[in-house]
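Summary of structural features
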Amino acid sequence: MKYKIIGISVTALVLITVLCISFIMPEDNGTRYIEHIMAEEKEVCKTHSSDSICTHLPIVSINTNGTEIPGKPIYDEEYNVIDYTLAADGTTTIRASLDVIDNKQEYNHLSDNAKSMGEVMIRVRGHSSRRFEKPNYFIRFVNADGTNNSQEFLGMDAHHEWALHGPFLDKTLIRNYMWYNISGEIMEYSPNVRFFELVLNGEYRGLYLATEMITAGKEGSRLNLQVNKKDNTFSGYALRLDWGDTEEENKLYPFTNYTTRAKTQHELVYPGAKNITPELKEAIKNEFSLFEKTLYSYDYNNEKYGYKNYIDIDSFVDYFLINEFTCNYDAGSLSTYIYKDIDGKYKMCVWDFNSALDAYQESAMPTDEFRLNSGLWYQMLFMDSDFTDRVITRYYELRKTVFSEEYLFGFIDDTIEYLGAAVDRNYERWGYTFNQEYDLMHPTERNPRNYDEAISQMKDFITKRIAFMDENIESLRQNSAESKTKKYNEVSD
């Protein structure tokens, strides 16, 4: 299947490590494009124009003709977000033009010939990140009449929807890039990503990451989901758990929405508003609720009736380990994607590592505990000794490859080397945010004061996390230990 990887690194150590991955991945493993490993080298400029940018990365230029991009937060007197800005016509997006400069063999400059990608609808995206001075954007490629216009973008398969992630809280600039790609090495699907440098209305805005939105795509790209609005049938759909900042027609109210009393909301990602009907929505809700009711029932692990009939276990195992390893504890409640494709079983998809590896704003993430095993769905899965065994076995496998310190540090160092002067340019624009008065994380001593310190902090966290998980991974068995209560609850058939 598309989007899985065995990459070729520039170092022998990483090459050997990556090759080892093939022995623990599915047999149909394909090739995922990892930019810092597989991008073709470009010829360094000897002479060029006096442009401020001379870069091997693509340049994306967006022009709104001076119109402010909507979606920025509106605050009350106590600095609470009470709403978001809208376009002049009251909608959430504005129209803009988008050009790409990406020479095949030479570095890129603003004066070079650009490829027009046509028009996009654009808005600021995210939740807490909307407060940041360097925003994230959502873009949708459109035709003149406003209909979707799927486009290949920076070498990624054609689609009309994209996220433009501007690393800001993440001072390393690489958390999302790193963990989307590593996830793609071991899971069936993870969003594809490409670095670029953004120019907005002629102003340099720094290093960005173009990211596939989690939705259906054509010819094997993105998720293999299908829906027939006319017949009210589907062979795949995608749900998100998040803050619920979406239209009511996208909200779903399955079983756990009522029973767990969670603050987050189930949202229907695919099919979208144009392809959903009340009948389809009700059918999807009922089917997903059936899975949840089974999982939270006495016979949750019964061979005939239990959860294994509904989920791709490998997907849930890998999702848990990736997010637990990185202490990405929004997973399971926020920015959480679960989908059912034409294979017929539920699978997980990673999203948003911006706060992972101790980059949460509110407080430090301890390296010496597990959390996700007590969260939604997983609190039941870990009651099953077979699921727990599979998590522990998989962890030991991954420690030999993508969870090894050698592999991770090599990935970090090689990515930084690839980005090169783009990091310096980004911090020529945003370097003032290293100063204490711009601290985003609490307490203030958690904030790095320069780029090297940001990288060192992340590596130190990885080292401590590996040490804890190596010593304590077996403790996950405590939730699936035999008990009289379990025996009483067992269902015989």
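Because the structure is predicted, anything quoted here is derived from the model rather than measured.

As a further point, take the sheet that holds strand β4 (residues 94-101). Spatially, seven strands are ordered β1-β4-β5-β6-β9-β11-β10 in a closed barrel, and the strand pairing comes out mixed. In this sheet, adjacent strand axes meet at a mean angle of 40° when their direction is disregarded. Two strands pair when backbone bridges link them, and strand β1 (residues 59-63) and β4 are joined in this way by five bridges, in the antiparallel orientation. Following the sheet pairing, isoleucine 59 is matched in β4 by isoleucine 101. Its contacts with the sheet place helix α3 (residues 175-186) against β9 (161-165), β10 (193-200) and β11 (203-212), and it is angled at close to 155° to β10.

On to unusual backbone geometry, then. With omega at 0°, the peptide bond leading from tyrosine 270 into proline 271 counts as cis. Mapped onto the fold, proline 271 is located in the loop between β16 (265-270) and α5 (278-295). Residue proline 443 is bonded to the preceding histidine 442 through a cis peptide linkage, with omega at -5°. Secondary-structure assignment places proline 443 in the loop between α10 (421-430) and α11 (451-472). One non-glycine residue, tyrosine 79, lies in the positive phi region at around 65°.

Another aspect to go through is the environment of asparagine 450. Within the fold, asparagine 450 resides in the loop between α10 and α11. For asparagine 450 and tyrosine 432, which are 18 residues apart along the polypeptide, the C-alpha to C-alpha distance reads 9.8 Å. Looking at asparagine 450, its side chain comes within polar contact range of the main-chain nitrogen of aspartate 452, at 3.2 Å.

Here we take up the confidence of the model for the protein chain. Mean pLDDT over the protein chain works out to 87, with 85% of the residues at or above the 70 mark. Under a pLDDT of 50 for its full length, residues 1-29 has, in the predicted model, 70 contacts with residues more than four places off or in other chains.

This part takes up the packing of aromatic side chains. For any pair of aromatic rings, the description rests on two quantities: the centre-to-centre distance and the angle between the ring planes. Taken as a whole and assessed by the stated rule, the structure comprises 36 aromatic pairs. Taking 5.7 Å as the distance between ring centres and 75° as the angle between the ring planes, the aromatic pair formed by phenylalanine 141 and phenylalanine 153 counts as edge-to-face. Remark: phenylalanine 153 occurs in strand β7 (residues 151-153) and phenylalanine 141 occurs in strand β6 (residues 136-142); sequence separation between them is 12 residues. Plain terms: the ring middles of phenylalanine 316 and tyrosine 378 are 6.1 Å apart, the flat faces sit at 50° to each other, and that makes the pair tilted. Residue phenylalanine 316 is found in helix α6 (residues 313-325), and its partner tyrosine 378 is found in helix α7 (residues 378-381); the two are separated by 62 residues along the sequence. Classification of phenylalanine 316 by relative accessible area gives buried; the value is 1%. An aromatic cluster of at least three residues, connected via ring pairs, comprises Trp179, Tyr180, Phe325, Tyr337, Trp351, Phe353, Tyr395, Tyr396 and Phe403. Geometry around tryptophan 430 places arginine 429 over its ring, the cationic atom sitting 4.0 Å from the centre.

For threonine 55, the position within the fold is in the loop between α2 (35-38) and β1. Only 2.9 Å separates the side chain of threonine 55 from the backbone nitrogen of leucine 57, close enough to count as a polar contact. Once residues lying within four places of it in the same chain are set aside, the contact partners of threonine 55 are Tyr107, Asn108, Glu197 and Arg425.

The next point concerns the environment of arginine 140. Turning to its location among the elements, arginine 140 is positioned in strand β6. Between the C-alpha atom of arginine 140 and that of methionine 121, which follows or precedes it by 19 residues, the distance is 5.1 Å. Look past the residues within four positions of arginine 140 in its chain and what remains in contact with it is Glu119, Val120, Met121, Gly146, Asn148, His160 and Glu161.

Criteria and thresholds
Residues numbered from 1 in each chain as written. Predicted model: local features only at pLDDT ≥ 70, side-chain atom pairs only at ≥ 80, totals over all residues. Heavy atoms only, no water. Pairing = 2+ DSSP bridges. Helix = DSSP H or I, 4+ residues; strand = E, 2+ residues; numbered from the N terminus. Axes fitted to C-alpha atoms, helices over the stretch in contact; angles between N-to-C directions. Contact = heavy atoms within 4.5 Å. Polar contact = N/O pair within 3.5 Å; in protein donor to acceptor, adjacent residues only side chain to side chain. pLDDT = per-residue confidence, 0-100. Phe/Tyr/Trp six-rings, centres within 6.5 Å; stacked < 30°, edge-to-face > 60°. Buried < 20%, exposed > 50% of the residue type's maximum accessible area, 1.4 Å probe, protein only. Lys NZ or Arg CZ within 6 Å of the ring centre and 35° of its normal.

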